[in-house]
Every structure is written in structure tokens, then in C-alpha cells.
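Observations on chain architecture
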Amino acid sequence: MKTIFTFLFLLVGLSIATSAAQVAGDQARSRFSLPDGVTELRDLEYGRASGKPMKLDLYLPEKREHPLPLIIWIHGGAWMSGSKDDRSPALPFTGKRYAVAHVGYRLSQEAKFPAQIHDCKAAVRWLRANADKYKLDPNKFVAWGASAGGHLVALLGTTGNVPELEGTVNDLKASSRVQAVIDWFGPADFLRIGDAESDIRHNAADSPESKLIGGSLLENKDKAAKASPITYVAKGAPPFLIMHGDRDRTVPFNQSELLYEALKKAGVDATFIPMPGAGHGFGGQKAMQPVEDFLKRRLGSNQ
């Protein structure tokens, strides 16, 4: 039974792709459909790590009279699978005058934490350094991710003042800060993720979190804490929108509760929206409307 649920966890990127398909439609174009008038720039190199180029894809509305806000999508997949090439729920927002970036990062079988956040921060630095080239607004960067991607965007939001997590994937001096975070059911506290009822034995040595840090969570508490977004919560973090299915049997629902409580206690602008009846993944208008409202509220009208 554990093998089945672990396999489902690995396929979280596919569940998110399905949700996005419900939102974006199912027309055929290249890998997936895009709104009319959107340019796709694939495999842009933002740095090098582990002896290979690190890449991202950029989706840009063709008519850009003014610099556009950017949604940076970080894919899920238990840090072991998934790809920047997967469909995301962020893509439909290109039809609402947002630019979207899909970021590729090293998976845990290739490099242990903090390689993944190093890559994400390097991608943000590169995008900000090239904001003029692509007509992006460097003061309106939003990080959005689900599951493992939710974990990484939460880290982007909470570690703006943590130099040791910047990494050396590129030497750009641009800031890796983001101005808002949308965290969909991401793990937040590795030291407590095994406390709640779940279909995954998170504290086991073969759990996705343990594989990420290179050892079982409770036998490597310093590493587990270092990989936990909740460790770094402090006043000055950007606004957060957290959404989580209240029947999630993969990433326990209380992970988002714990993060939300910590953010509010620190004085951070945070909104938590439980998704009644949802498991590990959701989609449709009920999921997308809070995101659109959050973006308008935090970034202003974009029409």
C-alpha cells in the first residue's frame, strides 16, 4: 500500500497538469495550448550546475506596451519527478496580461537540498537581470508552486535574507526576492510532517522529504529544519496565499495550517484557503478565482 501512495506522490506534477487542463482547455498546440497572442521561449539558460545548463521557459504576451508582472511557476513531483515542460495552472494567466516562467531545477536523485532552492533563486536572479530585455516588471515577481513546488516557493518567500541559500548557480547580483507567494499544498515543516495522519511515512528514510535532504528526517534534524520554510518565517516576508485540500492524504493539511499560523504570528500578510473535500490536487474556477483575486489585490489591476 505504501508503494502505491508513494507512486501517487511522485505523480503530483501530473495531477496539477490535469487541473491546469481543466482551466486552460485542451486544444492542441506544441506541448499544450496557450492563449492566442502568446510567445513561447523555451530552454533559456539561467546558469550552470552539476555540470549542465539550468533552463527555464518563458511565456510572453506578444503585445506588451508596459512591463508585465511575472508569475514564476515551480513544478511539483516530490522533488524526484516533474519538469518545466509540464503544463501548469499559471499558463492561462498569460491571457490576462501576465508573463509566466516555468523553472527547471535539479531533482533529489541528482543533487540533495539545498540545490533545489539554489536553482530557484538563481532563476529569479536571472529573470530580474533580464527584465528589461523581456519587458518584465522586476518589482512584480510572484512565485507559485504546488506540492514540492509549493515548498520551494514558500522557501523563496521566507529566505530573502538567507545568504547561504543563494547558491552559486550564477553570479548575478540581482535580487532573488519575490513580491508574493502562492503556495498550493506544499510541505512546510519537515520536523512535524510525520505527526499527522498520512498515507506516506514521512519520517521513514525512503520518504520523499528524507531523500531530499539525504537521510531520515528525525535523524537529521538540522538538515530537516534547514529545508523547512517555517524555519525562516519573519516579518518582512512577502504576502502569501496558501491553499490546501482538507482531505490531502499525501501532504498533511496541517502543514499549511502551521505555516499560516507562523506567518500571521510574525506579522506577514497571509491568506489561507482550505479546499473542502479536495485531496492532493485541485483545479477549476473554485481554485483559480482566489489566485486571480490575490494577484489583483497584491499587484494591482493588470488590464
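This text gives an overview of the structure that appears in the document. (Residues numbered from 1 in each chain as written. Predicted model: local features only at pLDDT ≥ 70, side-chain atom pairs only at ≥ 80, totals over all residues. Heavy atoms only, no water.)

1. Here's the deal with the nonpolar core
Core analysis: the biggest nonpolar cluster contains 59 residues, and Tyr46, Leu70, Leu127 and Leu136 have the highest contact counts within it. Looking at this core, the element that brings in the most residues is helix 3 (residues 115-129), giving seven residues. Membership of the second largest hydrophobic core comes to 29 residues, among which are Trp144, Leu241, Ala278 and Leu299. (Core = buried A, V, L, I, M, F, W, Y, C linked by side-chain atoms within 4.5 Å. Buried < 20%, exposed > 50% of the residue type's maximum accessible area, 1.4 Å probe, protein only. Helix = DSSP H or I, 4+ residues; strand = E, 2+ residues; numbered from the N terminus.)

2. Side note on the environment of isoleucine 200
Mapped onto the elements of the fold, isoleucine 200 is located in the loop between strand 6 (180-184) and helix 6 (208-213). Owing to a relative accessible area of 6%, isoleucine 200 belongs among the buried residues under this scheme. A sequence separation of 50 residues divides isoleucine 200 from threonine 250, and the C-alpha atoms of the two residues are 6.2 Å apart.

3. A closer look at the pairing of strand 1 (residues 38-49)
Regular strands place their side chains on alternate faces of the sheet. Examined bridge by bridge, strand 1 and strand 2 (residues 52-61) share nine bridges and lie antiparallel to one another. The residue bridging threonine 39 from the neighbouring strand is leucine 60, located in strand 2. The loop that links strand 1 with its antiparallel partner strand 2 comprises two residues; one of these, serine 50, has a positive phi angle of about 55 degrees. (Pairing = 2+ DSSP bridges.)

4. Re the pattern of salt bridges
A full pass over the atoms with the stated rule returns 15 salt bridges. Residues joined in a network through salt bridges with shared partners are Arg42, Asp43, Asp57, Lys84 and Asp85. (Salt bridge = Lys/Arg side-chain N within 4 Å of Asp/Glu carboxyl O.)

5. What about the packing of helix 3 against helix 5 (residues 148-158)?
Packing of helix 3 against helix 5 brings their axes to within 10 Å, and their N-to-C directions diverge by 65 degrees. Remark: the crossing between helix 3 and helix 5 carries right-handed chirality. Of the residues in helix 5, those touching helix 3 at Gln116, Ile117, Cys120, Lys121 and Val124 are Leu152, Leu155 and Leu156. Looking at the contact of helix 3 with helix 5 residue by residue, the class counts come to six nonpolar, one polar and one charged. (Axes fitted to C-alpha atoms, helices over the stretch in contact; angles between N-to-C directions. Left-handed = near helix turned anticlockwise from the far one by under 90°. Contact = heavy atoms within 4.5 Å. Nonpolar A, V, L, I, M, F, W, Y, C, P; charged D, E, K, R; others polar.)

6. Regarding the sheet that holds strand 6
Sheet architecture is open: eight strands sit in the order 1-2-4-3-5-6-7-8, paired in mixed fashion. The open sheet has two free edges, formed respectively by strand 1 and strand 8 (270-275), since each of these has just one partner strand. Adjacent strand axes in the sheet meet at a mean angle of 20 degrees when their direction is disregarded.

7. Regarding the packing of aromatic side chains
In total, this model carries ten aromatic pairs according to the counting rule given. Between the aromatic rings of phenylalanine 253 and phenylalanine 272, the centroid separation amounts to 5.6 Å while the plane-to-plane angle is 35 degrees, which identifies the pairing as tilted. Taken together, the positions of phenylalanine 253 in the loop between strand 7 (240-245) and helix 8 (254-265) and phenylalanine 272 in strand 8 put the pair 19 residues apart, joining distant regions of the chain. Summarising the burial analysis for this pair, phenylalanine 253 and phenylalanine 272 share the class buried. Through successive ring pairs, a cluster of aromatic residues spans Trp73, Phe93, Tyr98, Trp144, Trp184, Phe185 and Phe282. Against the face of phenylalanine 141 rests arginine 128, its NZ or CZ located 4.4 Å from the ring centre. (Phe/Tyr/Trp six-rings, centres within 6.5 Å; stacked < 30°, edge-to-face > 60°. Lys NZ or Arg CZ within 6 Å of the ring centre and 35° of its normal.)

8. Brief notes about the side chain of arginine 128
By the secondary structure assignment, arginine 128 is in helix 3. No salt bridge is formed by the buried arginine 128; its nearest oppositely charged neighbour, aspartate 137, is found at 7.8 Å. Excluding anything up to four places from it in sequence, arginine 128 contacts Pro138, Phe141, Ala174, Ser175, Ser176, Arg177 and Gln179. (Lys, Arg positive; Asp, Glu negative; His and termini not counted.)

9. Side note on the side chain of serine 256
Within the secondary structure, serine 256 sits in helix 8. A polar side-chain atom of serine 256 sits 2.7 Å from a polar atom in the side chain of histidine 244. Apart from the residues within four sequence positions on either side, serine 256 is in contact with Phe185, Gly186, Ile242, His244 and Phe272. (Polar contact = N/O pair within 3.5 Å; in protein donor to acceptor, adjacent residues only side chain to side chain.)

10. Observations concerning helix 3
With 15 residues, helix 3 should cover 21 Å at 1.5 Å per step; its first-to-last C-alpha distance of 21 Å lies within 8% of that length. Across the 15 residues of helix 3, 14 count as buried, placing the element largely inside the fold. (Expected span 1.5 Å × (residues − 1).)

11. Thoughts on unusual backbone geometry
The omega torsion across phenylalanine 113 and proline 114 is 20 degrees, close enough to zero to call that bond cis. Mapped onto the elements of the fold, proline 114 is located in the loop between strand 4 (99-103) and helix 3. At serine 50, a position not held by glycine, the phi torsion is positive, near 55 degrees. The residue tryptophan 79 is not glycine, and still its phi comes out positive at about 65 degrees. With respect to the element layout, tryptophan 79 can be found in the loop between strand 3 (68-74) and strand 4. Its relative accessible area of 0% is what places tryptophan 79 among the buried residues.

12. Focus: the pairing of strand 6
Most of strand 6 is tucked away: five of the five residues are buried. The side-chain alternation of strand 6 yields two buried faces, one formed by Ala180, Ile182 and Trp184 and the other by Val181 and Asp183. Sheet topology note: the strand 5 (residues 136-146)/strand 6 ladder contains five bridges and is parallel. Across the sheet, the residue bridging to alanine 146 is tryptophan 184, located in strand 6. For the crossover that starts at strand 5, traverses helix 5 and ends in the parallel strand 6, the hand is right-handed. As paired strands, strand 6 and strand 7 are joined by four bridges and run parallel to one another. Looking at strand 7, one finds that aspartate 183 is bridged to isoleucine 242. (Right-handed = clockwise from strand over helix to strand, strands pointing away.)

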